[in-house]
Amino acid sequence: MLDHALPDIDAWTLLFSNNGLPILRVTKRRLDEMRADLDRVDVRELAHLILQDPIMTVRVLAFIQPMRGRSLQRDITTIASAVMMAGIEPFFNQFNELFTIEEQVKEAGPQALLGVLQIIRRAQRAADYAQEWAVWRQDINMEEVRVAALLHDLAEMLVWCTAPKLGLRIQEQLKAHPGMRSADAQKQILGFTFLEIQRELCRVWHLPPLLQTLIDDDNATLARVRNATLAVRLARHSSHGWDDPALPDDYKDIGQLLNISPEAVRQRLGLEPLPAREADGQNEDH
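Everything quoted here is computed from the prediction, not taken from an experiment.

Caption draft 1: Quick look at empty space enclosed by the protein. With the rule as written, the count across this model stands at 3 cavities of 30 Å³ or more. Of the voids in this model, the largest cavity is the one considered here, and its volume is about 60 Å³. Together, Tyr129, Glu132, Trp133, Ile254, Leu258, Val265, Arg268 and Leu269 line the largest cavity. Secondary structure elements with two or more residues in the lining of the largest cavity: α8 (110-136), α16 (247-258) and α17 (262-268). Of the residues forming the lining of the largest cavity, the biggest block, 3 residues, is contributed by α8.

Caption draft 2: Fine view of the packing of helix α4 (residues 54-64) against helix α10 (residues 154-162). As a packed pair, α4 and α10 sit with axes 10 Å apart at the nearest point and diverge in direction by 110°. One finds that α4 runs roughly perpendicular with respect to α10. Across the interface between the two elements, Pro54, Ile55 and Val58 of α4 pack against Leu154, Met157, Leu158 and Cys161 of α10. In terms of residue class, the contact of α4 with α10 is built from 7 nonpolar, no polar and no charged.

Caption draft 3: Broad picture of the side chain of His152. One can find His152 in the loop between α9 (142-151) and α10. A distance of 2.9 Å separates polar atoms of two side chains, one belonging to His152 and the other to Asp153. Here the side chain of His152 touches Asp217 through a polar contact of 2.7 Å, side chain to side chain.

Caption draft 4: Spotlight on α4. A large share of α4 lies buried, amounting to 10 of its 11 residues. Every buried residue of α4 is listed here: Pro54, Ile55, Met56, Thr57, Val58, Arg59, Val60, Leu61, Phe63 and Ile64. Two or three places before Ile55, at the start of α4, stands the capping residue Asp53, its side-chain oxygen 3.2 Å from that residue's backbone nitrogen.

Caption draft 5: Examining the nonpolar core more closely. Judged by nonpolar contacts, the single largest core of 89 residues is most densely connected at Trp12 and Phe91. In terms of residue count, the dominant contributor to this core is α8 (11 residues). Not counting the four nearest positions on each side in its chain, Trp12 is found in contact with Leu2, Ala5, Leu6, Val159, Leu166, Leu190, Phe192 and Ile197.

Caption draft 6: The arrangement of the packing of aromatic side chains in detail. Per the stated rule, a full pass over the model turns up 5 aromatic pairs. Judged by centre distance (5.4 Å) and plane angle (80°), the ring pair of Phe63 and Phe95 falls under edge-to-face. With a gap of 32 residues between them, Phe63 in helix α4 and Phe95 in the loop between α6 (88-94) and α7 (101-104) connect regions that are remote in the sequence. Relative to Phe92, the ring of Phe91 lies with its centre 5.3 Å away and its plane at 85°, an arrangement referred to as edge-to-face. What links up through ring pairs into an aromatic cluster is the set Phe63, Phe91, Phe92 and Phe95.

The rules behind each value
Residues numbered from 1 in each chain as written. Predicted model: local features only at pLDDT ≥ 70, side-chain atom pairs only at ≥ 80, totals over all residues. Heavy atoms only, no water. 1 Å grid on protein atoms, 1.4 Å probe; cavity = no way out; pocket = protein on both sides within 12 Å on 5 of 7 lines; lining within 4 Å. Points joined across faces, edges and corners; volume = space filled by probe spheres on them. Helix = DSSP H or I, 4+ residues; strand = E, 2+ residues; numbered from the N terminus. Axes fitted to C-alpha atoms, helices over the stretch in contact; angles between N-to-C directions. Parallel < 35°, antiparallel > 145°, perpendicular 65-115°, else oblique. Contact = heavy atoms within 4.5 Å. Nonpolar A, V, L, I, M, F, W, Y, C, P; charged D, E, K, R; others polar. Polar contact = N/O pair within 3.5 Å; in protein donor to acceptor, adjacent residues only side chain to side chain. Buried < 20%, exposed > 50% of the residue type's maximum accessible area, 1.4 Å probe, protein only. Core = buried A, V, L, I, M, F, W, Y, C linked by side-chain atoms within 4.5 Å. Phe/Tyr/Trp six-rings, centres within 6.5 Å; stacked < 30°, edge-to-face > 60°.

Remember, this is a structural readout, not a statement about activity or role.
Written out as structure tokens, the structure is:
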């Protein structure tokens, strides 16, 4: 467990690149069950499992990029495609020495484990929102948008997994200074922001340019990026309940993305009862 900031951004990326990154215990358990009977593994079921786990998702995407070769014109941006390209048996051979987040941060105490699991839960919720809205928008590849939301806060998760004390210090700094920007707290404790570390990791792991674009808030003029970014924002602002003062702005922005009113956004989130005709299933729009 790291308890001090590293000297430069290369040191951070090296730390994450040279270590087999930990995955959720539930992911490891299901993968072990599947490994026991490879002939019955269903690619869609396997992809669905991976897409619940942000770190496993990025491990699979980073693993597949060098295999893509020149013959394949399109980048591999979906997990099912990655698994099919690798092949079931080689995939399970590659990911056979897995250790878990729960094991890794155990010695740092319950607060550290709670911290990282909260961030992962937030990422899972963001991914669900992003996918639902991508379907509503009739996005041609909703999984890419889902992956972008799932991986949006990847560097934050990795810092919490390898240096939970620093993650806790950032949290404490923000609590002590309520008006402080998260990026400023990150820079103060780590020397860099999560976003700076993440951009470098995307480059080092050769993640598809499309995913790098979708993960980066600086490209928010693109509807697909806005889809992922707003999903992340909603998951973050609602993580401690639905009374965060930033939420009304989120409903307005999500409404603009989906072409519906802020009230309709709240209804879709189950925060307000549906109008009678929609509740009766008579809404013809969607």
